[in-house]
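# Examining the three-dimensional arrangement
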Amino acid sequence: SPGLRLLEIMQKTAKNGVGGRVLLYGAGRHTTRLLSEKHVWERLGHAIIGFIDDAPRWAEGNGVHLGLPVVPSKLVEVRFQAENAVIVLSTDTFEEPFWEKTAPLRAAGWRVVRLYGNT
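Residues numbered from 1 in each chain as written. Predicted model: local features only at pLDDT ≥ 70, side-chain atom pairs only at ≥ 80, totals over all residues. Heavy atoms only, no water.

Counting 19 residues, the largest nonpolar core has L6, V22, L24, W41, I48, F51 and V88 as the members making the most contacts within it. Those elements that place two or more of their residues in this core are helix 1 (2–13), strand 1 (21–25), strand 2 (47–52), strand 4 (68–71) and strand 5 (86–89). Here this core gets four residues from one element, more than from any other, and that element is helix 1. The contacts of W41, once residues within four sequence positions are left out, are G3, L6, L7, M10, L34, L35, H46 and I48. Of all hydrophobic cores here, the second largest spans 15 residues; its members include L23, Y25, V76 and L105. (Core = buried A, V, L, I, M, F, W, Y, C linked by side-chain atoms within 4.5 Å. Buried < 20%, exposed > 50% of the residue type's maximum accessible area, 1.4 Å probe, protein only. Helix = DSSP H or I, 4+ residues; strand = E, 2+ residues; numbered from the N terminus. Contact = heavy atoms within 4.5 Å.)

Right, let's get into the sheet that holds strand 4. Read across the open sheet, the six strands follow the order 3-4-2-1-5-6; overall the sheet is mixed. Each edge of the open sheet carries a strand with a single partner, namely strand 3 (63–65) and strand 6 (112–114). Adjacent strand axes in the sheet meet at a mean angle of 35°, parallel and antiparallel pairs treated alike. Relative to strand 4, strand 2 runs parallel, the two being bridged by two bridges. Across the sheet, residue F51 finds its bridge partner in strand 4, namely V70. (Pairing = 2+ DSSP bridges. Axes fitted to C-alpha atoms, helices over the stretch in contact; angles between N-to-C directions.)

Here helix 1 contains twelve residues, and its C-alpha end-to-end distance of 17 Å stays within 8% of the 16 Å for a straight helix at 1.5 Å per residue. G3, L6, L7, I9, M10 and T13 are the residues of helix 1 that are buried. For helix 1, the arc enclosing every buried residue in end-on projection is 160°, short of the 170-degree limit, so these residues lie on one face. Residues L4 and K12 are exposed on helix 1 and point more than 90 degrees away from its buried face. Those residues of helix 1 that are buried are in contact with strand 1, helix 2 (29–34), helix 3 (38–43), strand 2, strand 5 and strand 6. (Expected span 1.5 Å × (residues − 1). Arc of directions from axis to C-beta.)

Attention shifts here to the side chain of H65. With respect to the element layout, H65 can be found in strand 3. On the accessibility criterion, H65 (17% relative accessible area) is buried. A polar contact of 3.4 Å, which involves the side chain of H65, links it to the side chain of T32. Aside from chain neighbours lying at most four places away, what touches H65 is A27, G28, T32, F51, W58 and V70. (Polar contact = N/O pair within 3.5 Å; in protein donor to acceptor, adjacent residues only side chain to side chain.)

With that out of the way, let us pick up the packing of aromatic side chains. On inspection of all chains with the given rule, the structure shows one aromatic pair. On the numbers, 5.0 Å between centres and 55° between planes, the contact of Y25 with F98 is tilted. Of this pair, Y25 sits in strand 1 while F98 sits in helix 5 (residues 95–101), placing them 73 residues apart in sequence. With respect to class, Y25 is no different from F98; both count as buried. Above the plane of the ring of W99 lies R106, whose end atom (NZ or CZ) is 3.8 Å from the centre. (Phe/Tyr/Trp six-rings, centres within 6.5 Å; stacked < 30°, edge-to-face > 60°. Lys NZ or Arg CZ within 6 Å of the ring centre and 35° of its normal.)

This part takes up the pattern of salt bridges. Across all of its chains, the model carries six salt bridges by this definition. Its salt-bridge partner being E8, residue R5 comes within 3.2 Å of it at the nearest N-O pair. Taken together, the residues span about one helical turn, with R5 and E8 both in helix 1 at a distance of three residues. Taking the shortest distance from any N to any O, the salt bridge between E42 and K38 comes out at 3.8 Å. Placement of the pair is E42 and K38 together in helix 3, with a separation of four residues, close to one helical turn. Judged by relative accessible area, E42 falls into the partly exposed class, the value being 45%. Classification of K38 as partly exposed rests on a relative accessible area of 31%. Because the salt bridges share partners, they merge into one network encompassing R5, E8 and K12. (Salt bridge = Lys/Arg side-chain N within 4 Å of Asp/Glu carboxyl O.)

Structure below.
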């Protein structure tokens, strides 16, 4: 399931006794469904710290979705640089376009992981 796959990614990225920290790319229906399992990850010390979404409604970088900050991809480094987070693509239908949109982030050294496909 997507929730188990995300937990696996969080466990692999946990460092120095600190749980895995994730930014989800996509603040839509898929992400809302995925977050229904957040109690499982939080209980194990993992956290989703925010969302990346390039939809016009998030363009200013001061949005909130499900209680977490939402920023466009162009503001990720400004907002989350010190967080040591992994970006996980949160989509079941647009993974390839999301992967392409993260090219500048990957070039800047961010680790980006596909939830369904290979990375």
